[in-house]
Amino acid sequence: MRAIAYKISQAITAETALIDVDLPLPSPEGRDLLVEIKAVSVNPVDVKVRASAKPEADQLKVLGWDAAGIVKAVGPGVKLFQPGDAVFYAGAIDRPGSNAEFHLVDERIVGKKPETLDFPAAAALPLTSLTAWEALFDRLKVNDPVPGAANAILIIGGAGGVGSIAIQLARTLTNLTVIATASRPETQKWAYDLGAHHVLDHSKPLAHQIDQLALGAPAFVFSTTNTGDHLEEIIKLIAPQGRFGLIDDPKALDILPFKRKAVSIHWEFMFTRSLFKTKDMEEQNRILNEVSRLVDGGKIRSTLTEILGLINAENLKKAHARIETGQTKGKLVLAGF
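So, the layout of surface pockets
A water-sized probe rolled over the atoms picks out the places where empty space is left. In this model, the largest pocket occupies a volume close to 1,300 Å³. Taken together, the elements giving at least two residues each to the lining of the largest pocket come down to helix H1 (44–52), helix H3 (126–139), helix H4 (161–173), helix H7 (227–237), helix H10 (313–324) and strand E16 (331–335). Per-element tally for the lining of the largest pocket: the top contributor is H1, with 4 residues. When the residues that make up the lining of the largest pocket are grouped by side-chain class, the tally is 17 nonpolar, 20 polar and 9 charged. Considering only enclosed or pocket space, the second largest pocket measures out at about 240 Å³ in volume. Lining the second largest pocket we find 13 residues, and of these Met 1, Leu 23, Pro 26, Pro 96 and His 103 sit closest to its centre. Among the elements that make up the lining of the second largest pocket, the one with the highest residue count is strand E7 (residues 102–106) (3 residues).

Structural data, given as structure tokens:
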């Protein structure tokens, strides 16, 4: 089967940063599905792994943690799906990725593809939807009010992949005032279009902008990017006993200043359930099915912004280069082989 992989961690500008390869067709065992890939989207995790995870000598590493496709075969332990089902999922960080014609994935982290979306639009959703959902409802517990705080959430990086779906989930499933951040006119408009009540400019001090809204100190802050740059402002603006969540990897994170406000810190990592085979691993199947229901009910929409072409090394390199700029809006997708 055709796939895209790499042998050496190197800059995306290198000719062999990603290469087209031919690999054996995998066979499903246990609760695995064999999925024929129709579309994939590219996330910052792809870039991080490519830049830092060096394959063993002469081994190929396949990336890709967002996919939509059709189940072609199932393992003997499969209970939730059957061949012919259209699915979407984000996969597992410790297994080969979805940048291939066929891919093995545990059914417990797979959802039914929204019927109203084509494969590219569906492929834009799984990783960011799972991340945003788990951050909002499993970690920050945003439907549990903070006494005396403004019933509001600040989403830093509102135009990125995770921010784009977090805005929609917060508007659809909570009664929070949703405050997003974006620094360019086009990304600010994007955040408003997705449902943000207010959009702040994260290139300027955030605490002062929160004060100007006259809403009070927000109960929740969800930082999706550049957390280290905003930490001092977050400490200033968050409500006493508030909850702070993040998903990125700051070089340093001094949480001691949060002590005075008794703020709880919550790190979200979407791959934790699959990585540790937690007892609630199948929760991701439930979340993705609920996302499908919300999409098909017209409550939320795909955050796909651009299809870059076929799934091949040339187009994946373009996608990685775009992600590395930190300037993308929504999700970049590749479709077909």
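From this point, things continue past the structure.
Let's talk about the side chain of Thr 187
Tracing the backbone through its elements, the reader meets Thr 187 in helix H5 (residues 185–194). Looking at Thr 187, the relative accessible area reads 4%, which means it is buried. Among the polar contacts made by the side chain of Thr 187, one reaches the main-chain carbonyl oxygen of Arg 184 at a distance of 2.9 Å. Beyond its immediate stretch of four places on either side in the chain, Thr 187 contacts Ala 159, Ala 182 and Lys 329.

Here we look at the pairing of strand E6 (residues 86–89)
Where strand E5 (residues 67–74) meets E6, 4 bridges bridge the pair, whose relative direction is antiparallel. Paired with Ala 68 across the bridge in E6 is Phe 88. Note that E6 and strand E8 (residues 110–112) share 3 bridges and pair antiparallel. Counted as the bridge partner of Phe 88 is Gly 111 from E8.

What counts and what doesn't
- Residues numbered from 1 in each chain as written.
- Predicted model: local features only at pLDDT ≥ 70, side-chain atom pairs only at ≥ 80, totals over all residues.
- Heavy atoms only, no water.
- 1 Å grid on protein atoms, 1.4 Å probe; cavity = no way out; pocket = protein on both sides within 12 Å on 5 of 7 lines; lining within 4 Å.
- Points joined across faces, edges and corners; volume = space filled by probe spheres on them.
- Helix = DSSP H or I, 4+ residues; strand = E, 2+ residues; numbered from the N terminus.
- Nonpolar A, V, L, I, M, F, W, Y, C, P; charged D, E, K, R; others polar.
- Buried < 20%, exposed > 50% of the residue type's maximum accessible area, 1.4 Å probe, protein only.
- Polar contact = N/O pair within 3.5 Å; in protein donor to acceptor, adjacent residues only side chain to side chain.
- Contact = heavy atoms within 4.5 Å.
- Pairing = 2+ DSSP bridges.

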